[in-house]
Amino acid sequence: MADDFAQLVKRQADIVKIVEEYVRLRKSGAQNYSGLCPFHKEKSPSFSVNAVHGYFYCFGCHEKGDVFTFVMKLENVGFPEALRIVAQKAGIPLPKRDFSSAEEAREAGLRRQLLDVHEAATQYFQAALNSPMAARAREYMSSRGITPETVQRFRIGFAPDDFNHMRDELRKHFSEEVLRASGLFTSKEQDQQGLPTGNLYARFRNRVTFPICNEQGKVIAFTARALLPDEKTPKYLNSPETALYTKGQVLFNLDKAKAAIRAQDYALLVEGQMDCISVFMAGIQPVLATSGTAFTEAQVRLLSRFTKRVVVNFDPDTAGATAAEKSIALLTEEDFEVKVVTLDGGLDPDRFVREQGIQAYGAALRKAKRHSDYLIERAQTLFPPRSPEAKVKAVNYLLPHIRRVPSAIQRDEFITDAAQKLGIDFSILRQEMRQAAAHRLGSVRQNATAPVSETERLLLRALLQAEGSAARRVASEQLMANPRWYEGLTTAPLLEQLANAPIPSNPLEAAPEPALAEILAKVLSEVHSSDDTLEKDLQGALNTLHWSSLERRKRELGSMIAEATRRGDTSMVGKLTEELMVISRQLREL
């Protein structure tokens, strides 16, 4: 394009408005705006835009340039394409374009044609949805609560169960090269790049189609759901990667959600397109989907241009939990504030909204857990901390996540909460974490849990007394009635087993793990005082256990009140505060 046109665009384009489509800016002077640099990782804003002179500069990584340079770097395009993008954003009509080489002209033309063929395919699928052959597709959408308004807004369509019809229709308007490069068709023969070389036939057949758009709202790919899935037919089929579409660099619904994400300063991340569509159409609009693919660093960088606060709501099954953990890890490393929603009944967002309504879903979002709380609960589920080995496994599960937290204060809080909820001495856990970090270890040592206290030894001694003895009867009755007293202790599995069942002929058989058997053997080998003295000592041990249990609950309530306060849940704060007052009174009375 002519130099004078580029200068015209540069003069008329508002660099602040264009940069704000990629970076959240705040005014920092009469002419300047600042934000987090999109070109390198940083926690404090060092990226500056000058509105009058039309340039940007980062005081951290020293990237600089004008509005064209910015778009070239962010969109990974050449100058001609950047000029076209800026002109379109500024509402300036484009002149006829000149190219520096035939190859450049061919590539630009192919990209434009690929956008056009995807638009044509979208219209083809939309028209097919209204045909008699799409009756089953319309029934499916009705059963999923997909309204005509939703169909129109997301341009949902139907791919007929036909190999050739769409190909023949599109051949009237597009070259063979465009059809082969589009990803809309496949063949039995392919070249080294994976492009079809043999006879073309439709990739999507007898499926409901969901267009995938780029940030500007242009269709660049499709996800299609089979109406009759079976073992040979996958339920969902996606477009392959093309010159337009790289799945790890696209977030479904970003084109529609980005304004709401900026305005509300958070993004809701779900797994599937239907989850995203249901939540969006119900009124919660800052919602994006990973489209069933693993969350990637490129998607994190893309999202960071709009917000640094994310709520993750993936499916509750094993695959969804694993995906949530990986997403949390990537987001935490980039210093995002991450929360996690777990819906009641193990429902996914789409079904939850349809069955319980958007108000209930909104309430669930407001109760989203900090990612650290979610991960600690996950560790407790995977490795119930009822033995030393299980506690070490739980700690080693959490260790990589704790290390990723950029803030030392937040890391310390994470460790404190983990120690409290796993029943591990905080100072021991922190020391083990430090040693693991210092020696670049991926796990803590097996002996990282708290040592056995004298209170625990006294209780074990009492429970190992002969059946019918006073000490065993008192210890057994109290522990059976108050299982929370010994919750989280190293010897909890032993205490529970011995309190609730007769002593085995070989007492070591009561230990479920070698480490606990070793503890039991040491208790059995120690020389003890008489039963009369044991009975007196036992009551003090039970009181200590009760007191420690109340102290643990008091700390838990403190954390829960702080979290409820952060959420603004005044009702929950009131309930928790009442319980805290009761616990405090009981502690004073002991």
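Computed from a predicted structure; not experimentally measured. (Residues numbered from 1 in each chain as written. Predicted model: local features only at pLDDT ≥ 70, side-chain atom pairs only at ≥ 80, totals over all residues. Heavy atoms only, no water.)

Draft legend 1. Here's a closer look at the overall build of the chain. Looking only at helices and strands, one finds 25 helices and 16 strands in the chain. Principal axes of the C-alpha set define a box for the chain whose edges measure 100 × 60 × 45 Å. By the burial criterion, 47% of the 590 residues in the chain qualify as buried. Sequence separation of 24 or more characterises 61% of the internal contacts of the chain that already satisfy a separation of 6 or more. Averaged over its 78 positive side-chain charges, the chain has a centre that lies 3 Å from the centre of its 75 negative ones. (Helix = DSSP H or I, 4+ residues; strand = E, 2+ residues; numbered from the N terminus. Buried < 20%, exposed > 50% of the residue type's maximum accessible area, 1.4 Å probe, protein only. Contact = heavy atoms within 4.5 Å. Lys, Arg positive; Asp, Glu negative; His and termini not counted. Charge placed at Lys NZ, Arg CZ, Asp CG, Glu CD.)

Draft legend 2. The arrangement of the side chain of Glu271 in detail. Summarising the element assignment, Glu271 is placed in the loop between strand 12 (267-270) and helix 11 (273-282). For the buried Glu271, no salt bridge exists, and the shortest N-O distance to an oppositely charged side chain is 11 Å, to Lys326. A polar side-chain atom of Glu271 sits 2.8 Å from the main-chain amide nitrogen of Asp315. (Salt bridge = Lys/Arg side-chain N within 4 Å of Asp/Glu carboxyl O. Polar contact = N/O pair within 3.5 Å; in protein donor to acceptor, adjacent residues only side chain to side chain.)

Draft legend 3. Fine view of the pattern of salt bridges. If you walk through the whole model with that rule in mind, you get 26 salt bridges. Two residues, Arg378 and Glu325, come together in a salt bridge whose shortest N-O distance is 2.7 Å. Here Glu325 lies in helix 13 (residues 318-333) and Arg378 lies in helix 16 (residues 371-382), a separation of 53 residues in the sequence. By relative accessible area, Arg378 is classed as buried at 18%. Residue classification places Glu325 among the buried residues on the basis of a relative accessible area of 13%. In this structure, the salt-bridge partner of Arg553 is Glu579, at a minimum N-O distance of 2.8 Å. Within this pair, whereas Arg553 is found in helix 24 (residues 531-567), its partner Glu579 is found in helix 25 (residues 570-589), the two being separated by 26 residues in sequence. Judged by relative accessible area, which is 17%, Arg553 ranks as buried. Overlapping salt bridges bring together Arg370, Asp373, Glu413, Asp417 and Lys421 as one network.

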